[in-house]
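Given next are the chains, with one letter for each unit.
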Amino acid sequence: MVQAVSRDGLAVPVTAPPVFRSTELVAKLISAGSAACVAEAITLPMDCAKIKLQVEGGTLASTLRTIAATDGTRGFFRGLVPGLHRQLGFCTIRLGLYDTTKEFYMERTPLKEGLPLRFAAGISTAVAAVCVAQPTEVVKIRMQAAKAGTVRYSGTLSAYYKIAVTEGTRGLWSGLGPNVTRLSICNIGEVVTYDTVKSAILRRRWMEDAFPLHFFSGVCAGFVTTTLTSPVDVVKTRYVNSSPGEFRSPIQCAGILAREGGVKIFYKGTCRASSESQAGI
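Remember, predicted model here, so these are calculated numbers, not experimental data. (Residues numbered from 1 in each chain as written. Predicted model: local features only at pLDDT ≥ 70, side-chain atom pairs only at ≥ 80, totals over all residues. Heavy atoms only, no water.)

Caption draft 1: Highlighting the pattern of salt bridges. According to the stated counting rule, one finds 18 salt bridges in the structure shown. Of the charged contacts, one joins Asp99 and Lys28 as a salt bridge, the two residues approaching to 3.4 Å between their closest N and O atoms. Here the residue Asp99 occupies a position in helix α4 (residues 98-108), and Lys28 occupies one in helix α1 (residues 21-56), the gap between them amounting to 71 residues. Classification of Asp99 by relative accessible area gives partly exposed; the value is 32%. Residue classification places Lys28 among the partly exposed positions, given a relative accessible area of 22%. Put simply, Asp47 and Lys140 hold a salt bridge, and the shortest N to O gap is 2.2 Å. With a gap of 93 residues between them, Asp47 in helix α1 and Lys140 in helix α5 (residues 115-144) connect regions that are remote in the sequence. Just as Asp47 is buried, Lys140 falls in that class too. One network of salt bridges, in which partners are shared, links Asp47, Lys50, Arg86, Glu137, Lys140, Arg182, Asp233 and Lys236. (Salt bridge = Lys/Arg side-chain N within 4 Å of Asp/Glu carboxyl O. Helix = DSSP H or I, 4+ residues; strand = E, 2+ residues; numbered from the N terminus. Buried < 20%, exposed > 50% of the residue type's maximum accessible area, 1.4 Å probe, protein only.)

Caption draft 2: Expanded view of the state of the cysteines. Scanning the entire structure with this criterion turns up zero disulfides. With no disulfide of its own, Cys186 lies 8.1 Å from the sulfur of Cys91, the closest cysteine sulfur. (Disulfide = S-S within 2.5 Å.)

Caption draft 3: How the structure looks around unusual backbone geometry. In this model, Arg205 sits at a positive phi of 60 degrees, which is unusual for a non-glycine residue. Secondary-structure assignment places Arg205 in the loop between α7 (176-204) and α8 (211-241).

Caption draft 4: Molecular detail of α7. The end-to-end C-alpha distance of α7, which contains 29 residues, comes to 40 Å, matching closely the 42 Å that a straight helix rising 1.5 Å per residue would cover. The axis of α7 is deflected most strongly, by about 30 degrees, at Val192. Just downstream of α7, Arg205 is the residue with a positive phi angle, here 60 degrees. (Expected span 1.5 Å × (residues − 1). Bend = angle between axes of the 7 residues up to and from the residue.)

Caption draft 5: Up close: the packing of aromatic side chains. Taken as a whole, this structure holds two aromatic pairs when the rule is applied. With a centroid separation of 5.8 Å and an interplanar angle of 65 degrees, the aromatic rings of Phe104 and Tyr105 are classed as edge-to-face. Looking at Tyr105, the relative accessible area reads 19%, which means it is buried. Relative to Phe215, the ring of Phe211 has its centre 6.0 Å away and its plane inclined at 35 degrees; by these criteria the two rings are tilted. Taken together, the positions of Phe211 and Phe215, both in helix α8 and four residues apart, correspond to about one turn of that helix. A relative accessible area of 62% places Phe211 in the exposed class. (Phe/Tyr/Trp six-rings, centres within 6.5 Å; stacked < 30°, edge-to-face > 60°.)

What follows is the structure, encoded as structure tokens:
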């Protein structure tokens, strides 16, 4: 409360204007995007191995040997630039807008604090992120999935241009459906699990709101997320990396994969994916 002086010399209470909420939102967006880019750079070698496993099969050891022998250290960082583009698009929106979306639903709908509200906010921000940033996902996967010793595109901008010219908008937004499904599940598994675990522990006063609690909540969120999203992630990778006309739909792609390798094919690269989720991707 601020006091002003009237013409009569009397102190008059004046309500201070509210803090500009957009400043907090911008800070959240920048923090989410920056943290995601750091995590992307650290975990990219694991991501490259995961993509190769999902597309070509084999074991982790053989995949790592092949990448090292054919492309050297550079092979483990394929897709770094589109990967950073992807994180700036996906995580800035789905993580940076999560709290704001929760507040919006609490103010404009009957939803109150609890799982339904978290599900609604998680799915909404996931759908928005995919609709905006799907081209970055397509370019990243295709650059990482290129056969050992080959270069599919001369660079990131060249990849965007070539896909746009040869396949049009449909190519740039290829795999939109599977990725909406995957990221919705991912947000529910990652953000909602993290939020729920942290809130439950704080409510019971088992831990303080500090790094150990955040780390433990992140590990729980990573495990749940990977378990839920791995099958969709495998289908998305194979579908996005396929040549035009190879699969009629993501469902047909999933059916073919199931016939080829059974249930276990949908959990290729699970350990790598779990590490990425726990790193905050």
